[in-house]
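Here is what each chain is made of, one letter per residue.
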Amino acid sequence: MFSRFVQSSSLLRQATANNSISSSNATSFIRSTSSTRRALSVNSTTPKSSSPLLAGDAGKKATHLHHRMTTFLAFATPLYLFTPSSYTDGMLDKSFGVLVATAISAHSWIGLNYVATDYVPKISKALIGPARVFNLVLGVVTFVGLSKIALNDEGGVKGTVAGLWRPVVAVEGEKKE
């Protein structure tokens, strides 16, 4: 396994070709640099000043939840959108619309926290807290907006998405440009 990896690294390939490093030494070098790189990655991207409540990507539970929401959205959203409106009108449409709004907003919040953890420290470690606050606000605004559409608009989320492909009907008495 490691010999293939050793061959893919140009420095290690050159060193093994010159017999200045043995294959077993190269393997131990790869193992030590991988674990060092992993330790540095964990230490450098873990914010010390950010609130744990804002860190949506912290821990195994967040990762598990994020993957479960991805699976739910991948299967439930097309099923909901392609089900005839006669089956989903009323309370079922509203409740499923709020459920989809919750899943989308939580999924985007956790996903954007992963992005903030990976990329914001490369710009400035001091920006990780404001980035997490921005992600939280964006998730709340997404939830409120989609929930309002699900509960108040005619047709809910499904009607809004379908409206994107409906042609605009001209009302009599309006000027055409």
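Residues numbered from 1 in each chain as written. Predicted model: local features only at pLDDT ≥ 70, side-chain atom pairs only at ≥ 80, totals over all residues. Heavy atoms only, no water.

S.K.: So what's going on with the nonpolar core? Which residues, and what values?
M.R.: If you look at the biggest cluster of nonpolar residues, it comprises 6 residues: Ala76, Tyr80, Phe96, Val100, Ala150 and Val157. Sorting the residues of this core by element identifies helix H4 (60-82) and helix H6 (91-123) as the ones contributing at least two each. Beyond its immediate stretch of four places on either side in the chain, Val157 contacts Tyr80, Gly97, Leu146, Ile149 and Ala150. (Core = buried A, V, L, I, M, F, W, Y, C linked by side-chain atoms within 4.5 Å. Buried < 20%, exposed > 50% of the residue type's maximum accessible area, 1.4 Å probe, protein only. Helix = DSSP H or I, 4+ residues; strand = E, 2+ residues; numbered from the N terminus. Contact = heavy atoms within 4.5 Å.)

S.K.: Describe in detail the packing of aromatic side chains, supporting the description with residues and values.
M.R.: By convention here, two paired aromatic rings are described through the distance between centres and the angle between planes. Evaluated as defined, the whole model comprises 2 aromatic pairs. Arranged with centres 6.2 Å apart and planes meeting at 50°, the rings of Phe72 and Phe96 form a pair that is tilted. Residue Phe72 is found in helix H4, and its partner Phe96 is found in helix H6; the two are separated by 24 residues along the sequence. A centroid spacing of 4.8 Å and a plane angle of 40° characterise the contact between Tyr80 and Phe96, whose relative ring orientation is tilted. Of the two residues, Tyr80 is situated in helix H4 and Phe96 in helix H6; the sequence distance between them amounts to 16 residues. Accessibility expressed as a relative area gives 5% for Tyr80, which makes it buried. An aromatic cluster is defined as three or more aromatic residues linked by ring pairs; in this entry it consists of Phe72, Tyr80 and Phe96. Sitting above the plane of the Tyr80 ring, Lys158 keeps its charged end 5.2 Å from the centroid. (Phe/Tyr/Trp six-rings, centres within 6.5 Å; stacked < 30°, edge-to-face > 60°. Lys NZ or Arg CZ within 6 Å of the ring centre and 35° of its normal.)

S.K.: Requested: an account of the confidence of the model for the protein chain, with residues and values cited.
M.R.: Averaged over all residues, the pLDDT of the protein chain equals 76, while 67% of them reach at least 70. Mean pLDDT across the elements of the protein chain ranges from a minimum in helix H1 (residues 2-8), with 46, to a maximum in helix H7 (residues 128-152), with 93. Segment residues 33-49 is flagged for pLDDT under 50; beyond a separation of four residues in sequence, or across chains, it makes 6 contacts in the model. (pLDDT = per-residue confidence, 0-100.)

S.K.: Residues and numbers for the side chain of Asn135, please.
M.R.: Among the structural elements, Asn135 can be located in helix H7. Look at Asn135 and you get buried, because its relative accessible area is 6%. A polar contact of 3.1 Å, which involves the side chain of Asn135, links it to the backbone oxygen of Leu112. For Asn135, the contacting residues outside a window of four places in its chain are Trp109, Leu112, Asn113 and Ala116. (Polar contact = N/O pair within 3.5 Å; in protein donor to acceptor, adjacent residues only side chain to side chain.)

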